[in-house]
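Observations on chain architecture
Take a look at the letters that make up each chain.
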Amino acid sequence: MTRFSVMTLFPEMIDAGLNVSILARAIDKGLIEINSVNIRDYTDNKHGRVDDYTYGGGAGMLMQAQPIYDCYRAICEEKEVSRVIYVTPQGKPFDQKMAVELSKEEHLVFLCGHYEGIDERVLETIVTDHVSIGDYVLTGGELPAMVMIDAISRHITGVLHNEDSCDTESFTDGLLEYPQYSRPEEWMGKKVPQILLSGDHAKVSAWRHKESLIRTKDRRPDLYEKYIESHPDEKI
Ligand code: ADE
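The text that follows walks through the structure, step by step, so that each part is easy to find. (Residues numbered from 1 in each chain as written. Predicted model: local features only at pLDDT ≥ 70, side-chain atom pairs only at ≥ 80, totals over all residues. Heavy atoms only, no water.)

For strand S5 (residues 83-93) and strand S6 (residues 107-112), the ladder comprises five bridges, and the chain directions are parallel. Directly across from arginine 83, in S6, lies its bridge partner leucine 108. In terms of handedness, the path from S5 via helix H4 (residues 96-102) over to S6 forms a crossover that is right-handed. Relative to strand S7 (residues 129-132), S5 runs parallel, the two sharing five bridges. If you follow valine 87 over to S7, its bridge partner there is valine 131. (Pairing = 2+ DSSP bridges. Helix = DSSP H or I, 4+ residues; strand = E, 2+ residues; numbered from the N terminus. Right-handed = clockwise from strand over helix to strand, strands pointing away.)

On the surface, a cluster of nonpolar side chains totalling about 430 Å² of accessible area is made up of Phe10, Met13, Tyr136, Leu138 and Leu143. The residue phenylalanine 10 is located in the loop between strand S1 (2-8) and helix H1 (11-18) in this model. Judged by relative accessible area, which is 31%, phenylalanine 10 ranks as partly exposed. (Patch = residues over 30% accessible without salt bridge, like charges linked within 9 Å, V, L, I, M, F, W, Y side chains within 5 Å. Areas by Shrake-Rupley, 256 points an atom, 1.4 Å probe, with all protein chains shown as cover. Salt bridge = Lys/Arg side-chain N within 4 Å of Asp/Glu carboxyl O. Buried < 20%, exposed > 50% of the residue type's maximum accessible area, 1.4 Å probe, protein only.)

This part takes up the pairing of S1. Counting buried positions along S1 gives seven out of seven residues, so the element sits mostly inside the fold. Examined bridge by bridge, S1 and strand S2 (residues 32-38) share seven bridges and lie parallel to one another. Paired with threonine 2 across the two strands is isoleucine 32, which belongs to S2.

So this is what it looks like as structure tokens:
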């Protein structure tokens, strides 16, 4: 059982976002566990404060070290922690490779910031990885943490029904996925490509691979160039 602990000021956001669909089934099956923990429950401040002004001045408030550290200690006491991920636009970009790597850990802790950020001293003390979901700034770390937990969970054995669907999808081989079709054979005058109805598995595979190359070249020239470097004979 993989545990995801999320240190946040908005645990209800994590619970609402992750207890649906495939992840809800994975929780039911005991494959993953989502443990959202409210940082505010650990503040020593009698008014429940968790933030204060920034030394040196500047706009906005900063989350203080004490509640975060005590929250982290409580999480560690329940189950040994593998890694503590601070979700921040100043982190390493999250990708599929990182999702696969993190899926092998037993207990991942995500620290979600709010306001202008977090006191650097507690980050230095507890954080093992700084990770970003892209070059844009969100209002808090909860959505990035949810994005990462979703992407990581898909690589945990048993979470997806079809073991294959994880290997053939986009990014696994460095290419985007080919187009797919379901019934009916004709819809709004558009026909399913004939080759997919042929029953010839080798031809279908070759067609799909070519479509993957075309799509990758068109939509993600950066990925296409990288792929062609190691497969020069497949250039289109
Ligand atoms: N917090 C705010 N923006 C973020 C981003 N792009 N990635 C991770 N954490 C964030």
